[in-house]
Number of protein chains: 2
Amino acid sequence: MDESPAATYHAALAFLPTGWQQDVIFDVAANGDFTSVRSGAAPGSAIRLHGPVLPGMPNVHSHAFQRAFAGRAERRSAGARDSFWTWRETMYAVAERLDPEQFEAIATGVYLEMLRAGYTSVGEFHYMHRDPNGAWYARHSELAQRVLGAAQRTGIALTLLPVLYTYAGFGARAPDRRQHRFILSTDEYLGLWDELASLFAGVDDVRLGTAPHSLRAVAPAQLAAVVAHVRSCDARAPIHIHVAEQEREVADSLAGLGARPVRWLLANAAVDERWCLVHATHLDDAEVASLAASGAIAGLCPTTEANLGDGLFPLQAYLAQGGRLGIGSDSQVTVDVREELRWLEYGQRLATQRRIIACDDSIASVGEYLYRTSTTGGTLGLDRNAGELAPGKRADFVVLDGEALAGGAEDTPTLLDRYLFATSRPAVRDVVVGGRWVIREGHHRAEEAIELAYRHTLRELF
Amino acid sequence: MDESPAATYHAALAFLPTGWQQDVIFDVAANGDFTSVRSGAAPGSAIRLHGPVLPGMPNVHSHAFQRAFAGRAERRSAGARDSFWTWRETMYAVAERLDPEQFEAIATGVYLEMLRAGYTSVGEFHYMHRDPNGAWYARHSELAQRVLGAAQRTGIALTLLPVLYTYAGFGARAPDRRQHRFILSTDEYLGLWDELASLFAGVDDVRLGTAPHSLRAVAPAQLAAVVAHVRSCDARAPIHIHVAEQEREVADSLAGLGARPVRWLLANAAVDERWCLVHATHLDDAEVASLAASGAIAGLCPTTEANLGDGLFPLQAYLAQGGRLGIGSDSQVTVDVREELRWLEYGQRLATQRRIIACDDSIASVGEYLYRTSTTGGTLGLDRNAGELAPGKRADFVVLDGEALAGGAEDTPTLLDRYLFATSRPAVRDVVVGGRWVIREGHHRAEEAIELAYRHTLRELF
């Protein structure tokens, strides 16, 4: 449907694997990959990119439909000890009544927001499978296909992570009625997964992984069965799981499985670089070391984890031991690459009363270190061949508006620090995914229709 | 130079002292005050305001020139234990070479950013008095007049807080050369203050207070002399002081004054509602109670305090005891009302692992509670007769872009929560200060010239 993305681009400044380089020429092939990236080159007839160029950011953890109630659970409910668990009640109230059109309209709206914020790929942790009565849709993959529709309409690259959610809590606690849109048996899940695998085969910029929801919602045998099946079909498929988000979950895991949840997982699930442990907030020192050594990524969601009062991930110790990470917008209360990375660092500063946490001997700038770490870790977590401006990688990139940066595009050693920490205006000018332009000068070609449907849907819901 | 601000406005929605009201008519007099505010009224021939109307936000703590190096101290310096004290070195390096034109260009640029973010007044904690050689300018008030120029050019209301800074540390430690633009004797300070008092007399939307820098930079006798002089001239003048920002300061105060700094101040300085204690981060329980009872406001700067690794103010206990507060953008690393208030709340959630901290029996919404508290507390701290949309107050207000709010302008019980916690796009449409329009549909009438001069100045500096 689109013209070929084959093109040659020139950028005055680009953030390459070797750091900031000047006068960079990018060749993009018809398949949407970079074929060459070279610096110090004259622009010639290349298409000019009008600002500093960055790799696009992967969003490793998204529940798209939760954008519908963003900002609607920030109040005291009568009599409640407000916590994560009351937020979850708000989520259920919305989840109970969304129809497929509403679900897709919200997902499309929030994916557009993600692109404008500089995210180029999203890991959709997709747990709503059934209709409001708890029955299958005529197509079992109806809502998963709505996610796909939202991604394709906006142009964001998708790693779909269909969720297995079987129980309400440790020890196979029976789900309540409000969870019945989410609940599948292992067999139902594997059937759905196979259907999606056929559907996604050969589609560009789409990837299928799996997401056993958490140790509280999936029993050990189910986890093993799902991982074995998915790995037998696709050895590289990403495996995402929520873990250790709340202290209550740690206590329940100790009671139910006899171990802290991350320790249990590392001991029992052959966790490797295909895995993304989402949140992993509550870790003891041994878990920090084991997780860092596993090759898995931690899927950190700083704005959601702050909003929900989860606590702070032990970032400093984890990075010092070579741990990998990606960032996610999760509940969508904030959809902003800068705020996730800024507060990932700030949380550590507040906890330690020191400045300049995320850096190492080779990268002195916190902005460069965090941006590099979360683009390379995040693309690993989504199994997308991207995350760097380099030959053979997908052409996923973002062009910043240099004039919007605090202090302009000059002074490259501080450019990413100024972008992430100090820029007041939205500074993403253009966004390209797999060589295709999805945001141009701040605008998406379908934005009016997408925003109209999104607003209309929210008015129906509230 | 301007036409009279006398006008009648109509808003479909406005946040009054009684909460959200519909169909509100505002009458603004020629002097820029509201003369009447009534709800449930037909628009008639009133000028329509095209979005929900809020009181403008006071910014109680600003060092305007620090915007020049925002985002330029987020990197490891060779061999340094990175902390507040190395950030301060970066500040000195810039402060050493700014000339008056550069100083004014940066202040004007950041005041424009403040207006766009929804701030309508600013407390400028102004400590740069001398030229780069440490000599007086021909006019002693040269740089203070540059602050005034920046405020008047942009239209933000100004409370100037000229700073007395005499020592480098407790026990009258001698200043080093890098501080010589800031240093005044008490007599020099009082002379400058009197000059400013004459200059500011009768000027609209400008107020003069005083700012003994901190207990580490001002001796007890100097503090007493300055407060006595200023109060004898103007009993209502605001008095601002940095206090207890870092644990090192608490330790130094214990060693130098024999008491923790907030305790010393409350015991020795007749602190009352004219005072703003800036930061006040490190408080014991007794200090929390005494500060809340004093009537003073705490000047909280959450994004700067996070950037500098200061620590977390004990918000929950302070509010529970009736404590008052205002917010400040301080170092200007972030200039965003929403981020200050959001992370004021989030910091507490992370520390306590609970949600929904800032609210009370009469205001269930965190957004409404924080917005109300910081507008009323902040105007008290700046001694500006504003902070509420009510007769007799200055007409300082902000019109939001309803379409930019997550979920639109409907559902008023969650409107401020969605604005503060969940809105991705800048949502400030119009800004009015003392009845005069300063931002209209996102634009300021002098924005091109202001931004050009700002960018030009940064290029000169870096």
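Calculation criteria
- Residues numbered from 1 in each chain as written.
- Chains lettered and ligands numbered in written order.
- Predicted model: local features only at pLDDT ≥ 70, side-chain atom pairs only at ≥ 80, totals over all residues.
- Heavy atoms only, no water.
- Helix = DSSP H or I, 4+ residues; strand = E, 2+ residues; numbered from the N terminus.
- Rg over C-alpha atoms; globule rule 2.2 N^0.38 Å.
- Buried < 20%, exposed > 50% of the residue type's maximum accessible area, 1.4 Å probe, protein only.
- Contact = heavy atoms within 4.5 Å.
- Areas by Shrake-Rupley, 256 points an atom, 1.4 Å probe, with all protein chains shown as cover.
- Lys, Arg positive; Asp, Glu negative; His and termini not counted.
- Charge placed at Lys NZ, Arg CZ, Asp CG, Glu CD.
- Buried area = accessible area lost by both parts, 1.4 Å probe.
- Salt bridge = Lys/Arg side-chain N within 4 Å of Asp/Glu carboxyl O.
- Polar contact = N/O pair within 3.5 Å; in protein donor to acceptor, adjacent residues only side chain to side chain.
- Least-squares fit on C-alpha atoms with pLDDT ≥ 70 in both.
- pLDDT = per-residue confidence, 0-100.
- Axes fitted to C-alpha atoms, helices over the stretch in contact; angles between N-to-C directions.
- Parallel < 35°, antiparallel > 145°, perpendicular 65-115°, else oblique.
- Left-handed = near helix turned anticlockwise from the far one by under 90°.
- Nonpolar A, V, L, I, M, F, W, Y, C, P; charged D, E, K, R; others polar.
- Arc of directions from axis to C-beta.
- Phe/Tyr/Trp six-rings, centres within 6.5 Å; stacked < 30°, edge-to-face > 60°.
- Lys NZ or Arg CZ within 6 Å of the ring centre and 35° of its normal.
- Disulfide = S-S within 2.5 Å.

What follows covers the overall build of chain A. Check the secondary structure of chain A and you find 14 helices and 17 strands. Taking 462 residues into account, the globule formula puts the C-alpha radius of gyration at 23 Å, and chain A, at 21 Å, falls close to it. Based on the C-alpha atoms only, the size of chain A along its principal axes is roughly 65 × 50 × 50 Å. Within chain A, the proportion of its 462 residues that are buried is 65%. The contacts of chain A with a sequence gap of at least 6 include a subset with a gap of at least 24, amounting to 72%. Working note: accessible area of chain A is about 15,000 Å², and carbon and sulfur atoms make up 49% of it. With 44 positive and 57 negative side-chain charges, chain A shows a spacing of 3 Å between the two charge centroids.

Attention now moves to the interface of chain A and chain B. Taken together, the 62 residues of chain A in the interface contact 62 residues of chain B. Across the chain A/chain B interface, buried area totals approximately 5,700 Å², and carbon plus sulfur atoms make up 48% of it. Between chain A and chain B we count 15 salt bridges in total. Where Glu 403 of chain A meets Arg 459 of chain B, a salt bridge forms, and the shortest distance between an N and an O atom there is 3.7 Å. In this structure, the connection of chain A to chain B is made through 34 residue pairs in polar contact (both at pLDDT 80 or more). Put simply, the parts of the chain that give the side of chain A that touches chain B at least two residues each are helix H1 (84-95), helix H9 (302-307), helix H11 (337-352), helix H13 (415-422) and helix H14 (447-461) of chain A.

What follows covers the relation of the copies chain A and chain B. Under the fitted operation, chain A is carried onto chain B by 0.0 Å of movement along the axis and a turn of 180 degrees, and the coordinates agree to an RMSD of 0.0 Å. In the structure described here, the two chain copies are related by an operation that fits a two-fold rotation axis. With an isologous cut-off of 70% or more, the 100% of interface residues of chain A that recur at the interface of chain B puts this contact in the isologous class.

Attention now moves to the confidence of the model for chain A. Summarising the model, chain A shows a mean pLDDT of 95, and 98% of its residues fall at 70 or more. Reported confidence for the predicted complex is 0.96 by ipTM and 0.97 by pTM.

Take the packing of helix H4 (residues 186-200) of chain A against helix H5 (residues 220-233) of chain A next. Residues and elements named next belong to chain A. Contact geometry for H4 and H5: axes closest at 11 Å, N-to-C directions at 20 degrees. Between H4 and H5, the interaxial angle falls into the category roughly parallel. Considering how the two elements wind past one another, H4 and H5 form a crossing that is right-handed. In this structure, H4 contributes Thr 186, Tyr 189, Leu 190, Trp 193 and Asp 194 to the contact, and H5 contributes Gln 222, Ala 225, Val 226, His 229, Val 230 and Cys 233. Within the contact of H4 with H5, the residues separate by chemical class into 7 nonpolar, 3 polar and 1 charged.

Right, let's get into the environment of Leu 199 of chain A. All names here are of chain A. As for its placement among the helices and strands, Leu 199 is situated in helix H4. In this structure the C-alpha to C-alpha distance between Leu 199 and Gln 145, which are 54 residues apart in sequence, comes to 9.0 Å. In this structure Leu 199 touches Ser 141 and Gln 145, once residues within four positions along its chain are discounted.

All names here are of chain A. Taken residue by residue, helix H6 (residues 247-257) has Glu 249, Val 250 and Ser 253 as its buried positions. Along the axis of H6, the buried residues cluster in a sector spanning 100 degrees; they form a single face. Buried residues along H6 sit in contact with strand S11 (239-243) and helix H7 (261-268). Backbone geometry just downstream of H6 places Gly 258 in the positive-phi region, at approximately 80 degrees.

Residues and elements named next belong to chain A. Scanning the entire structure with this criterion turns up 31 aromatic pairs over all chains. Measuring from centroid to centroid gives 4.8 Å for Tyr 127 and Phe 182, while their planes differ by 90 degrees, and the two rings are edge-to-face. Of this pair, Tyr 127 sits in the loop between strand S7 (119-126) and helix H3 (142-154) while Phe 182 sits in the loop between strand S8 (157-164) and H4; the two residues are 55 residues apart in sequence, bridging distant segments of the chain. Summarising the burial analysis for this pair, Tyr 127 and Phe 182 share the class buried. An aromatic cluster is present here, built from Phe 65, Tyr 92, Phe 103, Tyr 127, Tyr 165 and Phe 182 joined pairwise through their rings. We note Arg 72 situated over the ring of Phe 462; from NZ or CZ to the ring centre the distance is 3.8 Å.

Bringing the packing of H11 of chain A against helix H11 (residues 337-352) of chain B into the picture now. The angle between the axes and the distance between the axes are what describe a pair of packed helices. Between H11 of chain A and H11 of chain B, the shortest axis-to-axis distance is 14 Å and the interhelical angle comes to 45 degrees. By the criterion of interaxial angle, the relationship of H11 of chain A to H11 of chain B is oblique. Between H11 of chain A and H11 of chain B lies a crossing whose hand is right-handed. Between H11 of chain A, through Glu 339, Arg 342 and Trp 343 of chain A, and H11 of chain B, the contact on the second element is made entirely by Glu 339, Arg 342 and Trp 343 of chain B. Among the residues making up the contact of H11 of chain A with H11 of chain B, the classes are represented as 2 nonpolar, no polar and 4 charged.

Attention now goes to the pattern of salt bridges. For the structure on display, the rule yields 77 salt bridges over all chains. The residue Asp 361 of chain A makes a salt bridge to Arg 76 of chain B at a minimum N-O spacing of 3.2 Å. Within this pair, whereas Asp 361 of chain A is found in the loop between H11 and helix H12 (366-381), its partner Arg 76 of chain B is found in the loop between strand S6 (57-62) and helix H1 (84-95), the two belonging to separate chains. A residue is classified by how much of its surface remains accessible, and Arg 76 of chain B, at 35% relative accessible area, is partly exposed. Here Glu 96 of chain B and Arg 178 of chain B are joined by a salt bridge, their closest N and O atoms 3.7 Å apart. Here Glu 96 of chain B, found in the loop between H1 and helix H2 (100-116), pairs with Arg 178 of chain B, found in the loop between strand S8 (157-164) and helix H4 (186-200); they are 82 residues apart in sequence, far enough to count as distant.

As a further point, take the side chain of Thr 159 of chain A. All names here are of chain A. Structurally, Thr 159 is set in strand S8. Here Thr 159 falls in the buried class, since its relative accessible area comes to 2%. Those residues in contact with Thr 159 that sit more than four places away from it in its chain are Val 122, Gly 123, Glu 124, Arg 207, Pro 238 and Leu 382.

A few words now on the environment of Arg 384 of chain A. Residues and elements named next belong to chain A. Among the secondary structure elements, Arg 384 is positioned in the loop between H12 and strand S15 (397-400). When its relative accessible area of 12% is taken as the criterion, Arg 384 is described as buried. As for Arg 384 and Ser 121, which are separated by 263 residues in sequence, their C-alpha atoms are 8.4 Å apart. Not counting residues within four places of it along the chain, the set of residues in contact with Arg 384 comprises Ser 121, Ala 157, Asp 205, Thr 379, Arg 394, Asp 396, Val 433 and Gly 434.

The tally for this structure, following the rule as stated, stands at 0 disulfides over all chains. This cysteine, Cys 301 of chain B, is not joined by any disulfide, and Cys 276 of chain B carries the nearest cysteine sulfur, 8.0 Å off.

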